[in-house]
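If you want the building blocks of each chain, they are given just below.
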Amino acid sequence: MSDNVILIRFGELYLKGKNKSYFENALKDNIRAKLDGLDLKLYFGRGRYVVKEYPAASENEIITRLKQIFGLHSISVARRCGYDLDEIAELALSMTPECGTFRVTSHRSYKKYPLDSMQLNMTIGGRVLEKKPGLSVDLHSPDYVLNIDVREGGDVYLYDSTIRCAGGMPYGTGGNGLLLLSGGIDSPVAGYMLAKRGMNITALHFHSIPYTSEAAKEKAADLARKLKNYCPNIKLCCVSLTEIQEAIHKNCKPNYMITLVRRFMMRIAERVAKVNGCSCIINGESLGQVASQTIESITVTNSVVSMPVLRPLIGLDKDEIIEIAEKIDTFKTSIEPYEDCCTVFLPDFPLIKPMLEKVIEQENHIAELDKLIDNAIKNIETIAV
């Protein structure tokens, strides 16, 4: 077993007042689930959680999993000792370098400890300087920082680095949302952003087989699997738009194709959302990025649903979205060259500023509109993630 422990810190839960226990219990459950199957012990203390008694070979895997848990602020690999000053100094000497500059920074959450933070800094720093003459103190920009965390229950933790985690709120504490998951770059990032705020995600993918390949649908499933690292309860529903797109292509003006398709998608999404207990629809639209994402297009597509449509990327540019996609490991999958349903019957000049009354006029050319939606939902497919 490793001599190390891993300190876990959480952030925003401190802001939740009397509701804090609800969020903290959800976070604990998520940590247990994420680390399930690994040989270790978990300790949940006040303000700090600790992973201990794990094999050294598992340390990187534990860190990787912890970094994917929403609600965690940061983690540190640390060494543990007791309150005895000699023991703390001995451990500090084993961790500090032989030369360069250093600083000791103490945090004393156990206020009955006989030395305050400043006294502990000076005492341990002095003992290190005495044994290691090649070191000197630099309080402002040292080469090495030794952190000492004095906790209740007789534990003192020493560590020298902090690893940032996903942040946000514990997954599952922010309600349920239906993510419109295309095969592109944006929608997985949108799902990640709402999951970061605690929202449980169900994904809905539209395909146009045989106009698009089975590989395009499998690409969406691959993206859902990537998101599962952050959204442990995610499931993927797949709906065919083929019959609907053929009806629009046959009966409506070509430049209305994208607008009308998106209105059908929103109608279907609202019904799927209600069946799955979701209270909102999530998509990856960014204002002005393409013709269907102008404010006029967004208004026209929104008008067919009554539930909220959340667009967490609405103010981001493409570079910012790609940066997040790379961080969550969805980017390489998203750029695989498989066409999605939006490329079928794509007009040369799609509407940029559609007018609602003219869109409805075109929509009225489609016979049995509700039947088309019913058929699509009747044949919905759920893919295991």
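Residues numbered from 1 in each chain as written. Predicted model: local features only at pLDDT ≥ 70, side-chain atom pairs only at ≥ 80, totals over all residues. Heavy atoms only, no water.

Enquirer: Sorry, what's going on with the overall build of the protein chain here?
Expert: A tally of regular secondary structure across the protein chain gives 13 helices and 15 strands. Against the 2.2 N^0.38 benchmark of 21 Å for 385 residues, the protein chain shows a C-alpha radius of gyration of 27 Å, more extended than a compact globule. Seen along its three principal axes, the alpha-carbon backbone of the protein chain occupies a region of about 85 × 35 × 35 Å. Out of the 385 residues in the protein chain, the part that is buried amounts to 51%. Taking as baseline every contact in the protein chain between residues at least 6 positions apart, the subset at least 24 positions apart corresponds to 79%. Here the protein chain has roughly 18300 Å² of accessible surface; of this, 51% comes from carbon and sulfur atoms. (Helix = DSSP H or I, 4+ residues; strand = E, 2+ residues; numbered from the N terminus. Rg over C-alpha atoms; globule rule 2.2 N^0.38 Å. Buried < 20%, exposed > 50% of the residue type's maximum accessible area, 1.4 Å probe, protein only. Contact = heavy atoms within 4.5 Å. Areas by Shrake-Rupley, 256 points an atom, 1.4 Å probe, with all protein chains shown as cover.)

Enquirer: I tried to follow the sheet that holds strand E14 (residues 309-310) on my own but got confused; where do I start?
Expert: In a beta sheet, neighbouring strands are held together by backbone hydrogen bonds and run either parallel or antiparallel to one another. Read from one edge to the other, the open sheet built from 6 strands follows the order E14-E13-E10-E11-E12-E15, with strand pairing classed as mixed. With one partner strand each, in any of the chains shown, E14 and strand E15 (381-383) form the two edges of the open sheet. Looking at chain direction, strand E12 (residues 236-240) and E15 are connected through 3 bridges and run antiparallel. Opposite Leu236, over in E15, you have Ile383 as the bridge partner. (Pairing = 2+ DSSP bridges.)

Enquirer: Looking at this structure, how should I read the pattern of salt bridges?
Expert: Think of it this way: side chains of opposite charge can pair up when their charged atoms draw near. Evaluated as defined, the whole model comprises 19 salt bridges. In this structure, Arg262 engages Glu285 in a salt bridge whose closest nitrogen and oxygen atoms are separated by 2.7 Å. Here Arg262, found in helix H8 (residues 257-275), pairs with Glu285, found in the loop between strand E13 (281-282) and helix H9 (295-302); they are 23 residues apart in sequence, far enough to count as distant. Glu285 serves as the salt-bridge partner of Arg311, at 2.4 Å between the closest nitrogen and oxygen. (Salt bridge = Lys/Arg side-chain N within 4 Å of Asp/Glu carboxyl O.)

Enquirer: Would you mind going over the packing of aromatic side chains with me for this structure?
Expert: Each aromatic ring pair is summarised here by two numbers: the centre-to-centre distance and the angle between the ring planes. Using the criterion set out here, one finds 8 aromatic pairs in the structure. A ring pair is formed by Tyr22 and Phe23, whose centres lie 5.1 Å apart and whose planes are at 75 degrees; its orientation type is edge-to-face. Accessibility expressed as a relative area gives 46% for Tyr22, which makes it partly exposed. Aromatic ring contacts, followed pair by pair, group Phe10, Phe44 and Tyr49 into a single cluster. Positioned over the ring face of Phe264 is Arg267, at 5.6 Å from the centre of the ring. (Phe/Tyr/Trp six-rings, centres within 6.5 Å; stacked < 30°, edge-to-face > 60°. Lys NZ or Arg CZ within 6 Å of the ring centre and 35° of its normal.)

Enquirer: What am I meant to see in the nonpolar core here?
Expert: As a rule of thumb, soluble globular proteins bury nonpolar side chains together. If you look at the biggest cluster of nonpolar residues, it comprises 37 residues, and the most contacted ones within it are Leu204, Ile248 and Ile268. Elements supplying a minimum of two residues to this core: strand E10 (176-180), strand E11 (200-207), E12, helix H7 (242-251), H8 and helix H13 (369-378). Looking at which element gives the most residues to this core, the answer is H8, with 10 residues. If we skip the residues at most four places from it in the chain, Leu204 touches Leu178, Leu179, Leu180, Leu181, Cys237, Val239, Ala269, Val272 and Ile380. (Core = buried A, V, L, I, M, F, W, Y, C linked by side-chain atoms within 4.5 Å.)

Enquirer: What am I meant to see in a nonpolar patch on the surface here?
Expert: Residues Leu129, Val137 and Leu139 make up a contiguous nonpolar surface patch of about 260 Å² in total accessible area. With respect to the helices and strands, the residue Leu139 is situated in the loop between strand E6 (135-137) and strand E7 (144-150). (Patch = residues over 30% accessible without salt bridge, like charges linked within 9 Å, V, L, I, M, F, W, Y side chains within 5 Å.)

Enquirer: I tried to follow the environment of Ser21 on my own but got confused; where do I start?
Expert: Checked against the element boundaries, Ser21 lands in helix H1 (residues 20-34). A relative accessible area of 46% means that Ser21 is categorised as partly exposed. Sequence-wise, Ser21 and Ser161 are 140 residues apart; in three dimensions their C-alpha atoms are separated by 29 Å.

Enquirer: Whenever I open this one, the pairing of strand E3 (residues 49-52) confuses me. Can you help?
Expert: Taken residue by residue, a regular strand's side chains alternate between the two faces of the sheet. Strand direction decides the pairing type here: strand E1 (residues 4-10) and E3, joined by 3 bridges, are antiparallel. Among the inter-strand pairings, Ile8 is bridged to a residue of E3, identified as Tyr49. Bridging between strand E2 (residues 41-44) and E3 involves 4 bridges; their strand directions are antiparallel. Following the sheet pairing, Tyr43 is matched in E3 by Val50. Here E2 folds back onto E3, and the loop between the two strands holds 4 residues, one of which, Gly47, carries a positive phi near 85 degrees.

Enquirer: Before we go on, may I ask you to explain the packing of H8 against H13 in this structure?
Expert: Relative placement of two packed helices is described by the angle separating their axes and the distance separating the axes. Interaxial distance between H8 and H13 falls to 10 Å at its minimum, and their mutual angle equals 55 degrees. Classed by the angle they form, the pair H8 and H13 counts as oblique. As for how H8 packs across H13, the hand of that crossing is right-handed. Facing H8, whose interface residues are Phe264, Arg267, Ile268 and Arg271, H13 presents Leu369, Leu372, Ile373, Asp374, Ala376 and Ile377. Its residues placed into classes, the contact of H8 with H13 shows 7 nonpolar, no polar and 3 charged. (Axes fitted to C-alpha atoms, helices over the stretch in contact; angles between N-to-C directions. Parallel < 35°, antiparallel > 145°, perpendicular 65-115°, else oblique. Left-handed = near helix turned anticlockwise from the far one by under 90°. Nonpolar A, V, L, I, M, F, W, Y, C, P; charged D, E, K, R; others polar.)

Enquirer: Sorry if this is basic, but what is going on with unusual backbone geometry here?
Expert: Both trends apply: most residues other than glycine have a negative phi, and most peptide bonds are in trans. Residue Pro210 is reached from Ile209 by a cis peptide bond, and omega for that bond is 15 degrees. Position of Pro210 relative to the elements: it lies in the loop between E11 and helix H6 (214-227). Positioned with a positive phi, Glu53 is a non-glycine residue whose angle comes to about 55 degrees. Exposure remark for Glu53: the relative accessible area of 39% places this residue in the partly exposed category.

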